[in-house]
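Below, each chain spelled out in residue letters.
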Amino acid sequence: MKKEVSIAKNLSKQILDRRKFIGLASFSMSEILSPFYKTKLHGKKTIILTEEYRTLRDGHVFCKNNQVFVSVFKAMRFSKPIHDDLYKEIRIYRTECPDFTFGTDYEEYFHALDYKQATLIFHGSIKPALQSKFSFTDDHVRTGVVYCYWIASSDGEPEGPLPVKVRDPDVWWTFEKVKAKIELLKNAYPKYIQVQQIGFTANRKSITGIKVGQGKKCIALVGAVHAGEAGPELIMFVLENLLDKHQDLLKKVSVIAIPSANPDMRDKLALGNPWYIRRNANLVDINRNFPTDWEKTEQNYGYSTDDSQGYTYRGQYAASESETVAIIDYIQQEKPAALFSFHFLASIAGGTLLTSKDAVNDKEYVDLCYKIACPYWKGMNLNEPTKEEIVFYCTAGSLPTWGYKSLRIPTFDVEDPFDSADWAQCAKDQTDPVLLHKYQQLQFQGFTSLLQSISS
Ligand SMILES: [Zn+2]
């Protein structure tokens, strides 16, 4: 049918071109195209099924707790009971996508797939909710696998592709889970925790800040500014274990944390979006939206920060994003001695510390940074002297450049793991609970050592 339509379109274009030339008037487009459309006598009415008039619309897929939920609506034009025949049978097609690579492949990968190569996993009747929405639950899925779905009714092109990755809920925490964990800790250690709503996301989710400890002197941890990277899973482990094992230390120093700074988009990943997401729901890169040198345009990864379609878009004005404002307000309120923002990929961040590229010749600031970085690395006990060097990389409008120039506190993006096998595993979005636990433990050791160092 696709081919017929494209032949019809070409032909109609030729006719229109000729019409311009020979001055033919009043051809109706449907008259020109109708012989090429698939028509179907339905009741007393002939309906035209073309690519433009599909029988299904707004297909959606997500995964939660190792189940995949697929849904679709009747097309508006066929939503009346007279068209019920079109929906007597629903077919669900599915294929696995083993060569889909996180960080390399994005949405376009799925557009190239065709349901004709997929497996029919369901063929039968589904009762639509409110006479309009068909839903299907797939229980036979495996964690870590990328799937692509299509849904078809008795007639017309299937709706799809609908891609989803079945992610381990213990490796990718939903915001719901982060908040439940905070609540649990608050109830277990009420004397050591202060929870505060520090602002809202673009989609009006409430962003949570937590202070753990009784000391005035504190360090700050910020998670998942970039949705597909690291944060809540590492930060909540660090906080829980400090509370569990180091209450003496927490009498002298504190940790303030924003475990999930971009939960709108991180939840998309936790619920199965297969490709990397960086920006917030307004498509702004929060790590280019801070009000320090914001106006300076920078180029990274083939994108320019002034390009609203680019992955590093800085926003319409400095601190335009409510997530950025929430971070700024909380940090300014608590005045930490050092600030760590977790990055890298797929819930893992290692020992690599990046700071503002403009700080490279500022000896006094660099010394301050090493005073923080060295005990952190020492606690991790990785003994990689060539990698235990601060990297001067962060750009205009980034959180580290704001921390350096506007607050003058050591501020780092926490990035790559030192170990190359671990690096490759999370870069491909293959983080499993074992790898996650290794980095939870490393970060816990690093920050315990840092807190011990600044408490004395
Ligand atoms: Zn990042």
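Predicted model, so just to flag it, every value in this text is computed and none were measured.

Calculation criteria
Residues numbered from 1 in each chain as written. Predicted model: local features only at pLDDT ≥ 70, side-chain atom pairs only at ≥ 80, totals over all residues. Heavy atoms only, no water. Helix = DSSP H or I, 4+ residues; strand = E, 2+ residues; numbered from the N terminus. Buried < 20%, exposed > 50% of the residue type's maximum accessible area, 1.4 Å probe, protein only. Contact = heavy atoms within 4.5 Å. Areas by Shrake-Rupley, 256 points an atom, 1.4 Å probe, with all protein chains shown as cover. Core = buried A, V, L, I, M, F, W, Y, C linked by side-chain atoms within 4.5 Å. Domains from an automatic or database assignment. Axes fitted to C-alpha atoms, helices over the stretch in contact; angles between N-to-C directions. Parallel < 35°, antiparallel > 145°, perpendicular 65-115°, else oblique. Left-handed = near helix turned anticlockwise from the far one by under 90°. Nonpolar A, V, L, I, M, F, W, Y, C, P; charged D, E, K, R; others polar. Expected span 1.5 Å × (residues − 1). Pairing = 2+ DSSP bridges. Donors = N, O, S within 2.8 Å, 3.2 Å for Na, K, Ca; no water. Patch = residues over 30% accessible without salt bridge, like charges linked within 9 Å, V, L, I, M, F, W, Y side chains within 5 Å. Salt bridge = Lys/Arg side-chain N within 4 Å of Asp/Glu carboxyl O. pLDDT = per-residue confidence, 0-100.

**Overview of the overall build of the protein chain**
Logical step 1: The secondary structure content of the protein chain amounts to 12 helices and 19 strands.
Logical step 2: When each of the 456 residues of the protein chain is scored for burial, the buried share is 54%.
Logical step 3: Pairs at least 24 residues apart make up 74% of the contacts formed inside the protein chain by residues separated by at least 6 positions.
Logical step 4: In the form shown here, the protein chain has an accessible surface area of approximately 21,100 Å², with 51% of it arising from carbon and sulfur atoms.

**Here we look at the nonpolar core**
Logical step 1: Judged by nonpolar contacts, the single largest core of 82 residues is most densely connected at Ile-219, Leu-221, Phe-340, Phe-342 and Phe-447.
Logical step 2: Among the elements that take part in this core, helix H12 (residues 433-455) stands out by supplying 9 residues, more than any other.
Logical step 3: A domain split of this core shows at least three residues from each of domain 1 (56-166) and domain 2 (175-455).
Logical step 4: In contact with Leu-221, other than residues within four places in its own chain, are Ile-235, Val-238, Val-255, Ile-256, Ala-257, Ile-258, Phe-340, Phe-342 and Phe-447.
Logical step 5: Among the nonpolar cores identified, the runner-up in size contains 23 residues, and Val-61, Ile-90, Val-145 and Leu-162 belong to it.

**Quick look at the packing of helix H8 (residues 322-334) against helix H10 (residues 399-407)**
Logical step 1: Following both chains from N to C, one finds H8 and H10 inclined at 40°, their axes separated by 13 Å at the closest point. By the angle between their axes, H8 is oblique relative to H10. Here H8 and H10 pass one another in a crossing that is right-handed. Here H8 contributes Ile-327, Ile-328, Ile-331 and Gln-332 to the contact with H10, which in turn contributes Leu-399, Trp-402 and Leu-407.
Logical step 2: Residue composition of the contact of H8 with H10, grouped by class: 6 nonpolar, 1 polar and no charged.

**Topic: helix H5 (residues 232-245)**
Logical step 1: Spanning 14 residues, H5 covers 20 Å between terminal C-alpha atoms, matching the ideal 20 Å at 1.5 Å per step.
Logical step 2: Along H5, 11 of the 14 residues are buried, which leaves the element largely enclosed by surrounding structure.
Logical step 3: Along H5, the residues that are buried comprise Pro-232, Glu-233, Leu-234, Ile-235, Met-236, Phe-237, Val-238, Leu-239, Asn-241, Leu-242 and Leu-243.

**Digging into unusual backbone geometry**
Logical step 1: Look at the link from Gly-160 to Pro-161: it is a cis peptide, with omega at 0°.
Logical step 2: A positive phi angle, close to 60°, is found at Asp-293, a residue other than glycine.
Logical step 3: Locating Asp-293 in the fold gives a position in the loop between helix H7 (263-270) and strand E14 (299-300).
Logical step 4: A positive phi angle is found at Ala-319, which is not glycine, with a value near 55°.
Logical step 5: Along the chain, the position of Ala-319 falls in the loop between strand E15 (303-304) and H8.

**Looking at the sheet that holds strand E3 (residues 56-64)**
What holds strands together in a sheet is hydrogen bonding between their backbones, with the strands either parallel or antiparallel.
Logical step 1: The 3 strands are arranged E3-E4-E7 in an open sheet whose pairing can be described as antiparallel. Sheet topology places E3 and strand E7 (133-138) at the edges, where each strand pairs with a single neighbour. For this sheet the average axis-to-axis angle between neighbouring strands, irrespective of direction, equals 15°.
Logical step 2: Looking at chain direction, E3 and strand E4 (residues 67-74) are connected through 7 bridges and run antiparallel. Bridged to His-60 within E4 is Ser-71.

**A few points about the coordination of the zinc ion**
In an ideal octahedron of six donors the angles at the metal are 90 or 180 degrees, and in an ideal tetrahedron of four donors they are 109.5 degrees.
Logical step 1: Donor atoms from the polypeptide that coordinate the zinc ion comprise His-226 (ND1), Glu-229 (OE) and His-343 (ND1), at 2.0 to 2.1 Å from the metal.
Logical step 2: Sequence positions of the donors to the zinc ion reduce to the motif H-x2-E-x113-H. Of the two residues, His-226 and Glu-229, neither departs from the other in class, the shared state being buried.

**Here we look at a nonpolar patch on the surface**
Logical step 1: Together, Tyr-301, Val-391 and Tyr-393 give the surface a local cluster of nonpolar side chains, amounting to about 290 Å² of exposed area.
Logical step 2: Structurally, Tyr-393 can be placed in strand E18 (residues 391-394).

**A word on the confidence of the model for the protein chain**
When pLDDT drops low, the exact placement of atoms in the prediction is not to be read closely.
Logical step 1: With 88% of its residues at a pLDDT of 70 or more, the protein chain shows a mean pLDDT of 90.
Logical step 2: Scored below 50 in pLDDT, residues 11-39 makes 28 contacts in the model with residues more than four places away or belonging to other chains.
Logical step 3: Under the prediction, the complex receives an ipTM of 0.99, its pTM being 0.87.

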